[in-house]
Amino acid sequence: MATSLEKTEFDFIIVGGGTAGCVLANRLTEDPNISVLLIEGGPDDRNLPEVLELRRWLELLGGPLDYGYTTTEQPRGNSHILHSRAKVLGGCSSHNTLICFRPFPKDLDEWVSLHGCVGWDNETLQPYGDRLLPHIAPVAQKDQNPIMRDWIASCATATGAPHIRDFDGWAKHRHEGGEMGRVWKEGVGWLSIAYTPEDGKRSSASVAYVHPIMDGRRKNLTILLETWVDKLLLSGKRAVGVEAVLKSGTRLTLKAKHEVLLCAGAVDSPRLLLLSGIGPRGQLEELGIEVKHDLPGIGENLLDHPESILMWETDELPKETVMESDAALFLKRDQDGDPRPDIMYHIYSIPFADNTERLGYPRPQHAICMTPNIPRPLSRGRLYLTSADPKVKPALDFRYFTDPEDYDARCIVEGIKIARKIAATAPFSSWLKKEIAPGPHVTSDEDLSEYGRKAAHTVYHPAGTCKMGGKDDKLAVVDPLLRVRGLQGVRVVDAAIFPQMVTANPMITVLMVAERAADLIKADYYRNTPVAAHI
């Protein structure tokens, strides 16, 4: 790692050492002729046991390694949600539960058919999942908690969902045909997680992609940690570098000979563009920011996976676990011809009680929780600046549960009803002492909706704020090559480019996007430089 720089010009500058940025840092520096500067706002994760030990993930929420973005007033939702964003090498893959799902084929095919994202169809993108470096596997037998094993059995009995031994098995066997390669639309089972079962440690983007090449093992990679980029530098309509501030307060001007790659996530990638005068003209002018490039879609299309929560008091539970939320259930309720599930459940073997406690419910010493969430919500939000000061956090208005048809709220109501059926089914029912939240007295659809929305939480999946789209999409921020529209020398490579939400947890999709982006970036580099003879 560099604490001072021997040079200030690189072929590529990567802003954000998170899930996508770590992939790019590795793949671009595979070519020793390409010089890369990776800038991360947080510290090195290698000496942080609270980060590396996956089971300790809850300790990170709201702590010094969390940017902790708040939510604007949500008239139909929960206005108190803290959106955790990681401030550490590896980004959210060093902060989250590392749950792994390949994107469903229709998720990707709709990016093309509905949004004009040519080249991002399932057939093209799915192979990038085959080359991911993290160690990903279903929860090891030694980590399987008996209560979750019984929950899986009761889910199957109560809902008819089949037991799935490997949620991503279909992707691994997709070329073989037959049952093994068929994509499921319902199922329950142990999650696939990016961890090493031998020691319970993360196999995050930083662990898998960057740790092996740090400390000078690749001379063409420079890493600046605890450094904050607050301005993208333009020469006309071309990005030529960034301005950054070290932890010491020293300000640096850093130049990119080829491209600046924004990998700061769905909050901070659009935030940086807006602070740099790139975004909706009206918003920038109102804040006194000089308009360098009018691009109305930046900050629009803010997506998330909202969830609600049910909680039951239990006696003290067995200790086996990877990270207290090791299994999942997917169901298909609507018979609309769509092959994807439309409701998902996580389960937590802890009292996940921050939101319920605020509503007046007690926090039991021991509890089990089910959290029904909406795989493809219809509500769309917006991110925007409230100040030209880079230190002021942007406003996040997710507009939870505001879709005109009330689809999102109805999903939560159905999810609560189904969760109660599961809770009444043996063997899982034998673990439960009483329902804490919402409580057995809450039964009408109206009351369930009111509770479900006020107790709602995030699954920590913000996306969509620099959406990818075709040339006719007026709110598209990047084109199908991930280049910011109307500018040269700058791309966005993170969950901000999602035109619509993927059905399940998106981390693997972000890794796949970054793997494909690395190919696109290197292809342009070789076309535009005289060093292609060595490929």
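Residues numbered from 1 in each chain as written. Predicted model: local features only at pLDDT ≥ 70, side-chain atom pairs only at ≥ 80, totals over all residues. Heavy atoms only, no water.

*Asks:* Which residues make up the overall build of the protein, and what are the values?
*Replies:* The helix and strand inventory of the protein stands at 13 helices and 25 strands. The principal-axis extents of the C-alpha atoms in the protein amount to approximately 65 × 50 × 45 Å. Each of the 535 residues in the protein was classed as buried or not, and the buried ones make up 63%. At a minimum sequence separation of 6, the contacts of the protein that also span at least 24 residues come to 74%. (Helix = DSSP H or I, 4+ residues; strand = E, 2+ residues; numbered from the N terminus. Buried < 20%, exposed > 50% of the residue type's maximum accessible area, 1.4 Å probe, protein only. Contact = heavy atoms within 4.5 Å.)

*Asks:* Please provide a residue-by-residue account of the pattern of salt bridges, values included.
*Replies:* Scanning all chains against the criterion turns up 45 salt bridges. For Arg 340, the salt bridge is made with Asp 107, and the minimal N-O distance between the two is 2.8 Å. Of this pair, Arg 340 sits in the loop between β18 (327-331) and β19 (343-348) while Asp 107 sits in helix α3 (residues 105-113), and the two are 233 residues apart along the sequence. Like Arg 340, the residue Asp 107 is buried in the burial classification. Measuring nitrogen to oxygen at the nearest pair gives 2.7 Å for the salt bridge that ties Arg 251 to Asp 230. Here Asp 230 lies in strand β10 (residues 228-235) and Arg 251 lies in strand β12 (residues 251-262), a separation of 21 residues in the sequence. A residue is classified by how much of its surface remains accessible, and Arg 251, at 44% relative accessible area, is partly exposed. Within this structure, Arg 27, Glu 30, Arg 131, Glu 515, Asp 519 and Lys 522 form a network of salt bridges that share partners. (Salt bridge = Lys/Arg side-chain N within 4 Å of Asp/Glu carboxyl O.)

*Asks:* Can you explain the state of the cysteines? Please cite residues and give values.
*Replies:* Inspection of the entire model under this criterion finds zero disulfides. Of the cysteine sulfurs around Cys 466, a residue in no disulfide, the closest is that of Cys 263, at 11 Å. (Disulfide = S-S within 2.5 Å.)

*Asks:* Help me get a handle on the packing of helix α5 (residues 146-159) against helix α11 (residues 407-423), residues and values and all.
*Replies:* Interhelical geometry of α5 versus α11 gives an angle of 115° and a closest axis separation of 8 Å. When the interaxial angle is binned, α5 and α11 end up roughly perpendicular. Along this stretch, α5 crosses α11, giving a crossing that reads as right-handed. Here Trp 151, Ser 154, Cys 155, Ala 158 and Thr 159 of α5 come into contact with α11, specifically with Ile 418, Lys 421 and Ile 422. Residues of the contact of α5 with α11, tallied by class, amount to five nonpolar, two polar and one charged. (Axes fitted to C-alpha atoms, helices over the stretch in contact; angles between N-to-C directions. Parallel < 35°, antiparallel > 145°, perpendicular 65-115°, else oblique. Left-handed = near helix turned anticlockwise from the far one by under 90°. Nonpolar A, V, L, I, M, F, W, Y, C, P; charged D, E, K, R; others polar.)

*Asks:* So what's going on with the sheet that holds strand β22 (residues 395-397)? Which residues, and what values?
*Replies:* Pairing is antiparallel across the open sheet formed by three strands, whose spatial order is β15-β21-β22. Each having just a single partner strand, β15 (300-302) and β22 make up the two edges of the open sheet. Direction aside, the axes of adjacent strands within the sheet are offset by 35° on average. The pairing of β15 with strand β21 (residues 381-384) spans two bridges and is antiparallel. (Pairing = 2+ DSSP bridges.)

*Asks:* Tell me about the environment of Cys 100, residues and numbers included.
*Replies:* Tracing the sequence through the fold places Cys 100 in the loop between β4 (82-83) and α3. Along the chain, Cys 100 and Pro 318 lie 218 residues apart, while their C-alpha atoms are 24 Å from each other. Cys 100 has contacts with Ile 136, Asp 168, Ser 192, Ile 193, Ala 194, Met 507 and Ile 508, leaving out every residue within four places of it along the chain.

*Asks:* Which residues make up α5, and what are the values?
*Replies:* The periodicity of an α-helix, 3.6 residues per turn, causes residues three or four places apart in sequence to face the same way. Its 14 residues give α5 an end-to-end C-alpha distance of 20 Å, which sits within 8% of 20 Å, the value for a rise of 1.5 Å per residue. Within α5 the residues assigned to the buried category are Ile 147, Met 148, Trp 151, Ile 152, Ser 154 and Cys 155. In this structure, the buried residues of α5 make contact with β6 (187-190), β18, β19, β20 (367-373) and α11. If you check the start of α5, you find a side-chain oxygen 3.0 Å away from the backbone N of Ile 147, and it comes from Asn 145. (Expected span 1.5 Å × (residues − 1). Polar contact = N/O pair within 3.5 Å; in protein donor to acceptor, adjacent residues only side chain to side chain.)

*Asks:* An account of the nonpolar core is requested, with residue identities and associated values reported.
*Replies:* Grouped together as the largest cluster of nonpolar side chains are 171 residues, with contacts concentrated most on Leu 24, Trp 111, Trp 151 and Phe 428. The greatest single-element share of this core, amounting to 13 residues, is contributed by helix α13 (residues 507-527). In this structure, Leu 48, Leu 60, Leu 65 and Cys 92 belong to the second largest nonpolar core, which totals seven residues. (Core = buried A, V, L, I, M, F, W, Y, C linked by side-chain atoms within 4.5 Å.)

*Asks:* An account of the pairing of β19 is requested, with residue identities and associated values reported.
*Replies:* Most of β19 sits inside the fold, with six of its six residues counted as buried. The side-chain alternation of β19 yields two buried faces, one formed by Ile 343, Tyr 345 and Ile 347 and the other by Met 344, His 346 and Tyr 348. Across four bridges, the pairing between β18 and β19 is antiparallel. Note that in β19 the partner of Phe 330 across the bridge is Met 344. Pairing geometry for β19 and β20, over five bridges, is antiparallel. Across the sheet, the residue bridging to Tyr 345 is Pro 372, located in β20.

*Asks:* Just give me the short version of the pairing of strand β17 (residues 310-314), but keep the residues and values in it.
*Replies:* With four of five residues buried, β17 is to be regarded as a mostly interior element. Of the strand pairs in this sheet, β17 and β20 are connected by four bridges, and their pairing is antiparallel. Its bridge partner lying in β20, Glu 313 is registered against Ala 367. In this structure, β17 lies alongside strand β23 (residues 432-437), joined through four bridges in antiparallel fashion. Bridge pairing links Thr 314 to Leu 432 in β23.

*Asks:* Break down the packing of aromatic side chains for me, with residues and values.
*Replies:* Per the counting criterion, the structure on display carries 15 aromatic pairs. Look at Phe 12 and Tyr 525: their rings are 5.9 Å apart centre to centre, the planes differ by 55°, and that puts the pair in the tilted class. Remark: Tyr 525 occurs in helix α13 and Phe 12 occurs in strand β1 (residues 9-15); sequence separation between them is 513 residues. In this pair, the class of Phe 12 matches that of Tyr 525, namely buried. An angle of 50° between the planes, with centres 5.2 Å apart, marks the rings of Trp 111 and Phe 498 as tilted. With a gap of 387 residues between them, Trp 111 in helix α3 and Phe 498 in the loop between β25 (490-492) and α13 connect regions that are remote in the sequence. A relative accessible area of 0% means that Trp 111 is categorised as buried. (Phe/Tyr/Trp six-rings, centres within 6.5 Å; stacked < 30°, edge-to-face > 60°.)

*Asks:* Describe unusual backbone geometry, listing the residues and the values that go with them.
*Replies:* That bond from Ala 426 to Pro 427 is cis: its omega, 5°, falls within 30 degrees of zero. Mapped onto the elements, Pro 427 comes out in the loop between α11 and β23. Its identity is not glycine, yet Glu 226 carries a phi of approximately 50°, on the positive side. Here Glu 226 is to be found in the loop between β9 (221-224) and β10.

Bear in mind that shape data such as this cannot, by itself, settle questions of function.
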